[in-house]
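Fold and geometry: a report
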Amino acid sequence: MMLGVAFLMAVTAAQGLSEVSDEELKQRFMACDEANTQGAMDDVDAMICSTIYESLKERVFAGSSQALLQWWQEEKTRRAKRP
């Protein structure tokens, strides 16, 4: 089960992103997506999620917004198919 969004936001704010793995960065991005979808995001969360997005785009997708978008769409589909 995924950690709570509030917990991830607090850890991200306290720890920064340089110490997290690429996989953890992807998980945090998807937690942001879930929070946004549920309307459970305030301004601080949105700012942290923006930082997560930029870090993920640069570190994992070589600065390509298009590559990140493609991964995100595939990940959303994969997660939707889970039982």
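Further up the page is the structure itself.
Residues numbered from 1 in each chain as written. Predicted model: local features only at pLDDT ≥ 70, side-chain atom pairs only at ≥ 80, totals over all residues. Heavy atoms only, no water.

Within the secondary structure, Ala40 sits in the loop between helix H2 (22-37) and helix H3 (43-61). What Ala40 contacts, discounting residues up to four positions off in sequence, is Ala35 and Asp45. (Helix = DSSP H or I, 4+ residues; strand = E, 2+ residues; numbered from the N terminus. Contact = heavy atoms within 4.5 Å.)

Moving on, we come to the state of the cysteines. Taken as a whole and judged by the stated rule, the model has one disulfide. One disulfide bridge connects Cys32 with Cys49, the sulfur atoms lying 2.0 Å from each other. Judged by the sign of its S-S torsion, about -90 degrees, the bond between Cys32 and Cys49 is left-handed. Taken together, the residues Cys32 in helix H2 and Cys49 in helix H3 connect sequence positions 17 residues apart. Per residue, the accessibility class of Cys32 equals that of Cys49, and both read buried. (Disulfide = S-S within 2.5 Å. Buried < 20%, exposed > 50% of the residue type's maximum accessible area, 1.4 Å probe, protein only.)

Bear in mind that shape data such as this cannot, by itself, settle questions of function.
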